[in-house]
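# Structural description and commentary
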Amino acid sequence: MLKNTLGWMAAALVCGGCSQPGSIVGMAPAELPMPKQIEVVFNHNARSRYRSPLTGEWRNGDDMEAWLIEAIDGATEEVLVAVQELSLPKVAQALIAAKHRGVLVQVILENNYRQAWSEQRPSRLNQRERQRWHQLNRLADSDRNGTTTADEVFQGDAVALLQAANIPLIDDTEDGSSGSGLMHHKFLVIDQTTVITGSANLTSSGLHGDAGRPSSRGNVNHLLRVNSPELALLFRQEFTQMWGDGPSSKQDSRFGLQKAKGSVQTVKVGDIRMDVLFSPHPRRDSNHGLNLLAEQLKPAKKSLDMALFVFSAQQLTNVLREKIEQGVEIRLVADPGFASRPFSEVLDLLGVSLPDHNCKVEAGNQPLDQALKGVGTPRLARGDKLHHKFAVIDNKTVITGSFNWSPSAAHTNDETLLVIHSPQLAKHFTREMDRLWESAELGITPHIQRKLERQKIRCGDGAMRRQGELT
């Protein structure tokens, strides 16, 4: 495991350059052992510290970028990358260095992030794309003098670096389509033996924070590294199906619903069982991811912890309703931005409905008769998001991956959904849940209440959408 630059006690004793005064706080908390062959890192981990590449100051968290680069640097044969977005120049440089060592490197991105940002013109971008361009341009200003030179732009553009090094790269339009719903995978396969996956996009915002916002700590994320040739084979097969013969005129890549429709596959990593599902599936296909999630939630006897970026699947709310009636203890923290959207199932769990901009309520909407007390949104720095997609069931089973709890993840996007049966790993995710829970605002927050009141004035009670009507 990558060692922190300073341990817990050293961080308490040494304060030069720290972001807050150091003090001796006693013995370090007992370290939780990792399962054999598995490692998990959290970029908001309160028990680790690293120096932020944005501010130079010490901050809480695992340095997931350095951890990832260390894994790439150890590759001797092959690095396969399938990620929605890659905009970290140091990761690109590590991939280029691997190629120079004779390692096969192949990269798949989501089509919206395929073009080098330095080739884009901000005036031709929409607002969100323009904000991203300015963020990346600011990050490229390596001497922080307010002016980005041509060399800084090139060295700060991860995709341009990969292109210049002739590393083969495709996106989800390589199959001749306009792209899948989203190529939303976040995984690497190294030397056919190691899989790295989780919730994090390979961006500054995904790992460290936003340029120009000293309070930002990045979207709340995690990554797993699993050393298992059996698991690597499954991810490699998924990658190969999407890759086809790579950049060519044959267009034999397969993304989205064009891929072969697979069911859950199970491997053993040591004595740990892992269930793996790659999406998407048609709605009529019973193998889809929401069904797998429902199957995992239903046997819960004691507790369910969930930390979710997006939760918009009524099917899963119906399962949680049953668990509440059975007395299962439920804690859910959701991203504040998505929790208050009209399609959010967080609102259902809070016992309220929010009409959309057309004053329509989603078809089949079923808010709880009584609000669930164990629902909250964490307090985060402005611009940061809760980006996890994990659950812990009865302190022994972990659900994770790129898969948001939404119909889009199940039926249109290229996604990874993992179910890991390991009480030892579950302790690490429970500790992360505890950290988020400590600062969460529970129930209907002032932000949600204001939205409810505004829409009540505008729409009354709202009109129910007809089944099948677009949302």
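Residues numbered from 1 in each chain as written. Predicted model: local features only at pLDDT ≥ 70, side-chain atom pairs only at ≥ 80, totals over all residues. Heavy atoms only, no water.

## Observations concerning the sheet that holds strand 12 (residues 303-308)
In spatial order, the strands read 10-11-18-17-16-12-13-15-19; together these nine strands make up an open sheet with mixed pairing. A single partner strand is all that each edge strand has here, and the edge strands are strand 10 (265-269) and strand 19 (441-442). Bridge analysis of strand 12 against strand 13 (residues 329-334) gives six bridges, and the strand direction is parallel. Bridge assignment links Ala307 to a residue of strand 13, and that residue is Val333. Where helix 8 (residues 229-243) meets the sheet, its contacts fall on strand 10, strand 11 (272-279) and strand 18 (415-421), and the angle it forms with strand 11 comes to roughly 0°. (Pairing = 2+ DSSP bridges. Helix = DSSP H or I, 4+ residues; strand = E, 2+ residues; numbered from the N terminus. Contact = heavy atoms within 4.5 Å. Axes fitted to C-alpha atoms, helices over the stretch in contact; angles between N-to-C directions.)

## A closer look at the side chain of Glu238
Secondary-structure assignment places Glu238 in helix 8. For Glu238, the side chain forms a polar contact with the side chain of Lys259, separated by 2.5 Å. Other than its neighbours up to four places away in sequence, Glu238 contacts His185, Phe187, Lys259, Phe278 and Ser279. (Polar contact = N/O pair within 3.5 Å; in protein donor to acceptor, adjacent residues only side chain to side chain.)

## What about helix 10 (residues 314-325)?
In this model, helix 10 (12 residues) spans 17 Å end to end at C-alpha, consistent with the 16 Å of a helix rising 1.5 Å per residue. Buried within helix 10 we find Gln314, Leu316, Thr317, Val319, Leu320, Arg321 and Lys323. Considering only its buried residues, helix 10 is in contact with helix 9 (289-297), strand 12, strand 13 and helix 12 (345-349). In the segment just after helix 10, Gly327 is the residue with positive phi, at about 85°. (Expected span 1.5 Å × (residues − 1). Buried < 20%, exposed > 50% of the residue type's maximum accessible area, 1.4 Å probe, protein only.)

## With respect to the sheet that holds strand 5 (residues 104-109)
Overall, mixed pairing links the seven strands, which are arranged 1-9-8-7-4-5-6 in an open sheet. Two strands bound the open sheet, and with one partner strand each, they are strand 1 (38-42) and strand 6 (169-171). Each neighbouring strand pair of the sheet contributes to a mean axis angle of 15°, computed without reference to strand direction. Alignment of strand 8 (residues 194-198) against strand 9 (residues 222-227), held across five bridges, turns out to be antiparallel. Note that in strand 9 the partner of Thr197 across the bridge is Leu224.

## Brief notes about the state of the cysteines
Simply put, disulfide is the name for a covalent bond between the sulfur atoms of two cysteines. Summed over all chains, the structure comprises one disulfide. Residue pairing for Cys359: its cysteine sulfur links by disulfide to Cys459, the two sulfurs lying 2.0 Å apart. Sign of the S-S torsion, about -65° for the bond between Cys359 and Cys459, identifies this disulfide as left-handed. With Cys359 in the loop between helix 12 and strand 14 (360-361) and Cys459 in helix 15 (residues 446-459), the pair connects residues that are 100 residues apart, well separated along the chain. Residue Cys459 is classed as buried on the basis of its relative accessible area of 15%. (Disulfide = S-S within 2.5 Å.)

## So, unusual backbone geometry
Residue Pro280 is reached from Ser279 by a cis peptide bond, and omega for that bond is 10°. You can see Pro280 is positioned in the loop between strand 11 and helix 9. Of note, the phi angle at Asn166 is positive, near 60°, even though the residue is not glycine. Secondary-structure assignment places Asn166 in the loop between helix 6 (158-164) and strand 6. Residue Asn166 is classed as exposed on the basis of its relative accessible area of 60%. The backbone phi angle of Asn395 is positive, close to 60°, even though this residue is not glycine. Mapped onto the elements, Asn395 comes out in the loop between strand 16 (389-393) and strand 17 (397-401).

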